[in-house]
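Report on the structure
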Amino acid sequence: MARHLVVRALIGVGVMWGVVTLVFLLLRAAPGDPARLLLGPAATQTQIDEQRHQLGLDRPVAAQYGAWISRVVRGDLGTSIATGRPVRTMLAEAWPATALLVTLSLLLSYVLGILLALVQANVSGSRTDTSLSVASVTLYAMPSYWLAVVLVLVFAYWLRVFPAFGATGLDAEFLTPVGRVADRVRHLALPLLTLTLIGMGGIARYVRGALVDLQGSQFLVVARAKGLSKESVLLRHALPNALIPVLILLGLSLPALFSGAVFVEAIFAWPGVGRLLVAAVQARDYPVVLAATTISAGLVVLGSLVADGLVVLADPRLRDTAHG
Amino acid sequence: MGERALLRDGRARFGVACLVVLALIAVLAPWITGGDPALQRDVVATRFLPPWSTDVNGVFHLFGTDRLGRDVWTRLAFGARVSLGVGLLGVSLSVLIGVLVGGVAGASQGVVSKGLLAVTDFALALPRVVLLLLLATLWAPGVILVVVVLGVTGWMPVARLVYGEVRKLMALPFVESAVALGASRRRVLTRHVLPNALTPVIAAAALGVGNAITLEAGLSFLGVGVQPPAPSWGGMIASGRDALINAPWVAIAPGVALVLVVVACTLVGDALQDSRQ
């Protein structure tokens, strides 16, 4: 199993390298001269040539590629054009906020989604099942940027229970420690709710499908014939088997969640990587966009690795083949 | 596959009905609306009119007006052209690439097959939203770019699917007999194997359309997709966000339309997938 994971990790490194290369090539192929962009429309040709030389843009593409790769490997992601600060510092500051939001919503949407699917499987075919299916497909279909806007309208403007944006209130510094935590939680509520509702819809659909597919399987018939209750068959026998594909989904949903977080963070001014990325796109701040792209590719690779590991852990049959 | 079973499936009927109505609205937009989605009259007198109201010029506004006094219903109908068009074209492109890659990988052996699968796996690892944002930043944003990028970043599930189907079908007796009759590999693939792999591809495409439309609107929402004053649902949501308290209908109408399209596509895709079992 360890060997299997090592091979997967090596493939992951290869994929990362591929993504970084692709990003580099896209940047070269894109119209527009970064030097000209940096200096503005009033720059003379001499100034532009000088800037090109400083940026290393007058060197052969292969040499530029080598220099860039070696910088990225050393963790030097360049300097932001818009703020003049090191991209690495900016990302390090933004990272915890995104991690908090994404981890919590992942956890909540899995727990709630699986619960919803269990309720549906328990009464499958009934009117309750159908209405819950309608609800989950509707949630799943909602674009995060729209659901976020609707939630702001309802909870921030009409009901006035949660703040519409930001991670902390303006008065956060003057609050007691307990008050400060409560303030953070209130600010987290709407971004978290947006991501959780959408994720929950998708997971409920998926798990319900897996549970329904298992209905009529021989091992479930046997379990039922032994005299086990319906609930016990569902929880002890059907659910663990239905969860194996869900584990794969867990790893694969990490990047999807990050994508969702891009929009949600931008809307709620949540100080994470997603908002950084959107702001960078709007300001044409290439180094930041590139760094965020590379990191999200890393997340994809990490996600599929985690999914791989989890599945091998959960499914004894795979453990054997992974050995051999 | 069972077309009858599909017609009896309530999900498929509802989904298809929704899509047909929306497609009709998109096609007939110039005749069933005010005609010009960018038309502004007296901005101060006609801005933010609520739904179901008549302005000073006697023009009726079904879904109200936005901050520039433009009719929301008209913009919604013309925006449907952009959304449905971009979604359909983008997915067509990804189906084309996916069938080609998956078909060739499934029908060939050794290096070609392995190489194509490796490329597919690599492309699957690309973060789609981020790539879309990156490309839209580097190149001038526009409809064609969005279509191409949606196509280029969306073909992998189709390729995987087609590969699996082709591999499965190639082992069946009817393909063997076609080979025995002397049919070339290309003929076997295009005339015998691929037509049988069509249903799952259509199902995946239906799901893909919903996804593509959401992404397109998302790009427009962030201002790097379809450029104003051209009407697009994503752009409408973005502009409606600023007026959420005074005029929630500006943002709510295009969002409901988006949810409807995606639900319809998902239901049709689900029903197609189930009809094979």
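The model shown is predicted, which means the values in this text are computed figures rather than measured ones.

A few words on the overall build of chain A. Scanning chain A for helices and strands turns up 13 helices and zero strands. Scanning chain A from its N terminus toward the C terminus, one meets helices and strands in the order α-α-α-α-α-α-α-α-α-α-α-α-α. Overall size of chain A, expressed as C-alpha extent along the three principal axes, is 85 × 60 × 35 Å. Considering chain A as a whole, with its 324 residues, one finds that 44% of them fall into the buried category. When contacts within chain A are restricted to residue pairs at least 6 apart in sequence, those whose partners lie at least 24 apart make up 71%. Here chain A displays about 16,500 Å² of accessible surface, and carbon together with sulfur accounts for 67% of that area.

Once that is clear, we can look at the overall build of chain B. When helices and strands are tallied, chain B shows 14 helices and two strands. Long-range contacts, defined as pairs at least 24 residues apart, comprise 70% of the intrachain contacts of chain B with a sequence gap of at least 6. Of the roughly 12,500 Å² of accessible surface on chain B, a fraction of 67% belongs to carbon and sulfur atoms.

This part is about the interface of chain B and chain A. If you look at the interface, chain B gives 37 residues, while chain A gives 41 residues. The junction of chain B with chain A conceals about 3,600 Å² of combined surface from both sides, 82% of it contributed by carbon and sulfur atoms. Linking chain B with chain A are one salt bridge. Asp270(B) is the salt-bridge partner of Arg205(A), the closest N and O atoms lying 2.7 Å from each other. Along the contact surface separating chain B from chain A lie five residue pairs in polar contact (both at pLDDT 80 or more). Among the elements that line the side of chain B that touches chain A, the one with the most residues is helix α14 (residues 249-275) of chain B, at 11 residues. Of the residues that constitute the side of chain B that touches chain A, the class distribution is 30 nonpolar, five polar and two charged.

We now examine a nonpolar patch on the surface. Residues and elements named next belong to chain B. On the surface, a nonpolar cluster with roughly 670 Å² of combined accessible area is contributed by Val16, Val20, Leu24, Val27, Leu28, Trp31 and Ile32. Top element by residues in the nonpolar patch is helix α2 (residues 10-27). It accounts for four residues. Relative to the helices and strands, Val16 is located in helix α2. Relative accessible area serves as the criterion here: at 43%, Val16 is assigned to the partly exposed category.

Turning next to the packing of aromatic side chains. In this structure the tally under the stated criterion is five aromatic pairs over all chains. Between Tyr145(A) and Phe221(B), the aromatic rings sit 5.1 Å apart at their centres with planes inclined by 25°, giving stacked as the arrangement. Taken together, the residues span two chains, with Tyr145(A) in helix α7 (residues 144-158) and Phe221(B) in helix α12 (residues 198-221). Of the two residues, Tyr145(A) and Phe221(B), both sit in the buried class. Ring plane angle 90° and centroid distance 5.8 Å describe the contact between Phe63(B) and Trp73(B), whose orientation is recorded as edge-to-face.

A few words on the side chain of Glu165(B). With respect to the helices and strands, Glu165(B) occurs in helix α9 (residues 156-170). Setting aside anything within four residues of it in sequence, one finds Glu165(B) in contact with Asn196(B), Ala197(B), Pro200(B) and Arg276(B).

All names here are of chain A. With seven of 10 residues buried, helix α11 (residues 273-282) is to be regarded as a mostly interior element. Regarding α11, the residues found buried are Val273, Gly274, Leu276, Leu277, Val278, Ala280 and Val281. In the stretch just after α11, Arg284 is the one whose phi turns positive, near 55°.

Residues and elements named next belong to chain B. Here Thr153 is to be found in the loop between α8 (143-152) and α9. Among the polar contacts listed, one links the side chain of Thr153 to the backbone oxygen of Val149, at a separation of 2.6 Å. The residues contacting Thr153, other than those within four sequence positions of it, are Arg128 and Leu131.

Right, let's talk about the nonpolar core for a bit. The biggest cluster of nonpolar side chains holds 154 residues, and the ones touching the most others in it are Tyr145(A), Leu211(A), Leu133(B), Leu134(B) and Trp233(B). A per-element tally of this core places helix α10 (residues 230-268) of chain A first, with 15 residues. Those residues in contact with Trp233(B) that sit more than four places away from it in its chain are Leu22(B), Leu76(B), Gly79(B), Ala80(B), Ser83(B), Pro254(B), Ala257(B), Leu258(B) and Val261(B).

We now examine the pattern of salt bridges. Applying the stated rule across the entire model yields eight salt bridges over all chains. Asp76(A) is the salt-bridge partner of Arg71(A), the closest N and O atoms lying 3.9 Å from each other. In this structure Asp76(A) comes out as partly exposed when scored by relative accessible area, which is 35%. Across the pair Asp66(B) and Arg75(B) runs a salt bridge, and its minimum N-O distance is 3.9 Å. With respect to class, Asp66(B) is no different from Arg75(B); both count as buried. Salt bridges sharing partners connect three or more residues here, namely Asp66(B), Arg70(B) and Arg75(B).

Before going further, it helps to spend a moment on the environment of Ala82(A). Residue and element names in this part refer to chain A. Position of Ala82 relative to the elements: it lies in the loop between α4 (61-73) and α5 (87-122). Linking Ala82 and Gln47, residues 35 residues apart in sequence, is a C-alpha distance of 20 Å. Once residues within four sequence positions are removed from consideration, Ala82 is found in contact with Ala283 and Asp285.

Next up on the list: the state of the cysteines. All names here are of chain B. Counted under the stated rule, the structure contains zero disulfides over all chains. Between Cys18, a free cysteine, and Cys265, which holds the nearest cysteine sulfur, the sulfur-to-sulfur gap is 9.7 Å. Residue Cys18 is classed as buried on the basis of its relative accessible area, which comes to 12%.

Generally, phi is negative for residues other than glycine and the peptide bonds are trans, each holding for most cases. If you check the backbone angles, Ala269(A) has positive phi at about 50° while not being a glycine. Within the fold, Ala269(A) resides in the loop between α10 and α11. Accessibility expressed as a relative area gives 24% for Ala269(A), which makes it partly exposed. Non-glycine residue Phe48(B) carries a positive phi angle of around 50°. Its location among the elements puts Phe48(B) in the loop between α4 (43-46) and β1 (53-54). The exposure class of Phe48(B) is buried, given its relative accessible area of 18%.

The next subject is the packing of helix α5 (residues 72-107) of chain B against α9(B). All names here are of chain B. Two elements in contact, α5 and α9, have axes whose closest approach is 7 Å; the angle formed by their N-to-C orientations is 35°. As for the relative orientation of α5 and α9, their crossing is right-handed in sense. Of the residues in α9, those in contact with Ser94, Val95, Gly98, Val99, Val101, Gly102, Gly103, Ala105, Gly106 and Ala107 of α5 are Val158, Ala159, Val162, Tyr163, Val166, Arg167 and Met170. For the contact of α5 with α9, the class distribution of residues is 11 nonpolar, five polar and one charged.

The rules we used
Sequence order sets the numbering: in each chain, residues are counted from 1 along the sequence as written. Ligands are numbered from 1 and chains lettered from A, in the order in which they are written. Where local features are concerned, this predicted model is filtered to residues with pLDDT of at least 70; where side-chain atom pairs are given and counted, the filter is 80 or more; whole-chain, interface and lining totals use all residues. As a rule here, side-chain values come from all non-hydrogen atoms in the structure, and water together with hydrogens is ignored. Counting from the N terminus, the helices are DSSP H or I runs at least four residues long and the strands are E runs at least two residues long. Only protein chains enter the accessibility calculation, which uses a 1.4 Å probe; a residue whose area is less than 20% of its type maximum is buried, one above 50% is exposed, and one in between is partly exposed. Any two residues having at least one pair of non-hydrogen atoms within 4.5 Å are treated as being in contact. Each accessible area value is a Shrake-Rupley result obtained with a 1.4 Å probe; residue values ignore everything except the protein chains displayed when judging cover. Accessible area that two parts lose when put together, evaluated with a 1.4 Å probe and summed over both, is termed the buried area. The term salt bridge refers to a side-chain nitrogen of Lys or Arg lying within 4 Å of a carboxyl oxygen of Asp or Glu. Throughout this description, a polar contact denotes any pair of N or O atoms lying within 3.5 Å of each other; where both atoms belong to protein, one of them has to be capable of donating a hydrogen while the other can accept it, and for residues adjacent in sequence the pair is counted only when both atoms sit in side chains. Note that Gly is not counted as nonpolar here; it falls among the polar residues with everything else outside the nonpolar set of Ala, Val, Leu, Ile, Met, Phe, Trp, Tyr, Cys and Pro and the charged set of Asp, Glu, Lys and Arg. Candidates for patches are residues over 30% relative accessible area with no salt bridge; among them, like charges are joined within 9 Å and nonpolar side chains (Val, Leu, Ile, Met, Phe, Trp, Tyr) within 5 Å. Here a Phe, Tyr or Trp ring, Trp counted by its six-membered ring, pairs with any other such ring whose centre lies within 6.5 Å, and the pair is stacked when the planes are under 30 degrees apart, edge-to-face when over 60, and tilted otherwise. Nine residue types can take part in a nonpolar core, namely buried Ala, Val, Leu, Ile, Met, Phe, Trp, Tyr and Cys, and a core is a set of them joined through side-chain atoms within 4.5 Å. Working definition: a disulfide is two cysteine sulfur atoms within 2.5 Å of each other. Axes, fitted as lines to C-alpha atoms, cover a helix only where it is in contact. Angles between the N-to-C directions of the axes lie from 0 to 180 degrees. Crossing handedness follows the turn of the near helix against the far one: under a right angle anticlockwise gives a left-handed crossing, and clockwise gives a right-handed one.

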